[in-house]
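Letter by letter, the chains look like this.
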Amino acid sequence: MNILIIGSGGRESAFAYKLSSSPKLNKLFIAPGNAGTSQYGQNVDLQVTDFQGIASFVLSNDINMVLVGPEEPLVKGIHDYFLGREDIKHIPVIGPQSEGAQLEGSKDFSKEFMFRHGVPTAAYRSFDKSNLTEGLQYLETQSLPIVLKADGLAGGKGVLICETLEDAKKELQAMIGEAKFGKASSVVVIEEFLKGIELSVFVLTDGENYKVLPSAKDYKRIGEGDTGLNTGGMGSISPVPFADETFLEKVESRIIKPTIDGLKQDGIPYKGFIFIGLMNVGGEPFVIEYNVRMGDPETESVLPRIESDLVDLLEGVANGDLDKRSYTVSPKTAVTIVLVSGGYPGAYQAGMEITNMENVEDSIVFHAGTKEVDGKIVTAGGRVLAVTTLQDSLFEALQQGTADAGRIFFERKYFRKDIGFDLI
Ligand code: AMP
Ligand code: GLY
């Protein structure tokens, strides 16, 4: 089987690592990939939304499956594009068509979906230009803090938690009236604030059957103790200690089953990953958001725990017989620590040489923002590397991961030394 992975981050590196261990894999390609993905397959210089270029590559390289990493090509319809072309419609694309991708692409769509199918989530109302005044009045009736969400994709920045009514009104006005997040905030979801502890649950589905993948928790803030600016993710752990069997049973019966059944009832085909962002509110799960892909850096701690052959599972997704595929998970704990460029998530410098990766003792080093220049590996992004270690306990994983993260060198390297420590 020849597989093409679409994407270039730590998530796609983890996919490449996992797929490359499969006896079913023949050739692996990653478009565009990074300096690390080339150790598992061949990088292809194509952008993730260049559907025509991807299609030509797929045809000329005898690709049997396309695995889509990020949300953008899914929301923009890469899967629909394949289905619409006679010459490539038989090639399975892992990731939903654009209609299913609306679960992530439109907060309003996903909230309506959850209410229609009885999936527990925060109370909400949506507003746009036509009823902005009503929206401002609605804010006055709500308790604080209150959550404002741009409906569309806003690069992870479209969610505001407002502590005061003045602030909420000002922001609603800015989002709808002054296009604070461009077109993404022409519709705004105003949502009740949920107080609890967050975690993520991942599901792989062929549209009929599903496997619940390992749960994970990510650490979004730049500073230790979860302080400072939001980032794309500074680390993750899997499993999540507080997501015990009782809690996960509630997640499956109240959220996962109704979601898969709801997609079927609504006639929305869905083959791919569903990433469910959850709030644990006093032991009860509520959905904060759906994503139609795997998380980054959650994938880097989730995939190393899956013992089964991921190519076989993805074949099950493509063929609609996922229920017949074997699926086992390691009881070990994975910790992922992200090494970032100094200054991130603000301005940072790129082009710093990365050395000493060979000194890492017992971790996998996934590349994210890296590239190769004149035989050297240099930084090429804010999030540079994701170091994952798998150990018998969370404590051991944290110790090993932190030590290994410290062994790698590049100028102005920064990483959090407290990933997961809040849960010990
Ligand atoms: P989202 O982009 O929907 O994942 O939201 C980004 C972050 O905002 C989440 O990871 C939560 O930390 C926070 N958040 C979103 N919705 C809520 C909510 N209803 N209550 C509390 N926090 C929320
Ligand atoms: N780690 C959060 C995300 O991938 O959206």
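Scroll up for the structure.
It should be emphasised that the depicted structure is a prediction, and the values quoted were computed from it without experimental measurement.

S.K.: Report on the site of ligand 2, specifying residues and quantitative values.
M.R.: Near ligand 2 you find Asp218, Phe275, Arg293, Gly295, Asp296, Pro297 and Glu298, and these make up its full shell. Side-chain polar atom of aspartate 218 to a nitrogen atom of ligand 2: 2.9 Å apart, as the coordinates give it. Side-chain polar atom of glutamate 298 to a nitrogen atom of ligand 2: 2.8 Å apart, as the coordinates give it. Taken together, the residues of the shell around ligand 2 break down into two nonpolar, one polar and four charged.

S.K.: How would you explain the packing of aromatic side chains if you had to name every residue and give the values?
M.R.: Using the criterion set out here, one finds ten aromatic pairs in the structure. When the centroid spacing of 5.7 Å and the interplanar angle of 50 degrees are considered together, the rings of phenylalanine 51 and tyrosine 81 count as tilted. Here phenylalanine 51 is found in helix α2 (residues 51-60), whereas its partner tyrosine 81 is found in helix α4 (residues 78-83), with 30 residues between them in sequence. Overall, the relative accessible area of 23% leaves tyrosine 81 in the partly exposed class. Aromatic side chains tyrosine 344 and tyrosine 348 sit 6.3 Å apart centroid to centroid with 65 degrees between the ring planes, which places their arrangement in the edge-to-face category. Residue tyrosine 348 is classed as partly exposed on the basis of its relative accessible area of 35%. Through pairs of rings, three or more aromatic residues link up here, namely Tyr17, Tyr40 and Phe366. Over the aromatic face of tyrosine 138 sits the side chain of arginine 125, whose NZ or CZ is 5.3 Å from the ring centroid.

S.K.: Summarise the environment of lysine 264; cite the residues concerned and give the values.
M.R.: Examined against the element boundaries, lysine 264 turns out to sit in helix α9 (residues 245-265). A C-alpha to C-alpha distance of 19 Å links lysine 264 and glycine 105, two positions 159 residues apart in sequence. If we skip the residues at most four places from it in the chain, lysine 264 touches Gly207 and Glu208. Within the structure, the side chain of lysine 264 is placed 3.0 Å from the side chain of glutamate 208, a separation counted as a polar contact.

S.K.: Please give an account of the side chain of arginine 325 that cites residues and values.
M.R.: Tracing the backbone through its elements, the reader meets arginine 325 in the loop between α11 (310-319) and β16 (333-341). Among the polar contacts made by the side chain of arginine 325, one reaches the side chain of glutamate 315 at a distance of 3.2 Å. Look past the residues within four positions of arginine 325 in its chain and what remains in contact with it is Lys24, Lys211, Asp312, Leu313, Glu315, Gly316 and Asn319.

S.K.: Describe the site of ligand 1, listing the residues and the values that go with them.
M.R.: Every one of the 14 residues lining ligand 1 counts as a neighbour, but Glu191, Glu192, Leu194, Glu198 and Glu289 are closest to it. Between ligand 1 and lysine 107 there is a distance of 3.1 Å, counted from an oxygen atom to a side-chain nitrogen or oxygen. In isolation ligand 1 offers 480 Å² of accessible surface; the protein chains occlude 86% of this area. A per-class count over the shell around ligand 1 returns seven nonpolar, no polar and seven charged.

Procedures and definitions
- Residues numbered from 1 in each chain as written.
- Chains lettered and ligands numbered in written order.
- Predicted model: local features only at pLDDT ≥ 70, side-chain atom pairs only at ≥ 80, totals over all residues.
- Heavy atoms only, no water.
- Near = heavy atom within 4 Å.
- Polar contact = N/O pair within 3.5 Å; in protein donor to acceptor, adjacent residues only side chain to side chain.
- Nonpolar A, V, L, I, M, F, W, Y, C, P; charged D, E, K, R; others polar.
- Phe/Tyr/Trp six-rings, centres within 6.5 Å; stacked < 30°, edge-to-face > 60°.
- Helix = DSSP H or I, 4+ residues; strand = E, 2+ residues; numbered from the N terminus.
- Buried < 20%, exposed > 50% of the residue type's maximum accessible area, 1.4 Å probe, protein only.
- Lys NZ or Arg CZ within 6 Å of the ring centre and 35° of its normal.
- Contact = heavy atoms within 4.5 Å.
- Areas by Shrake-Rupley, 256 points an atom, 1.4 Å probe, with all protein chains shown as cover.

Bear in mind that shape data such as this cannot, by itself, settle questions of function.
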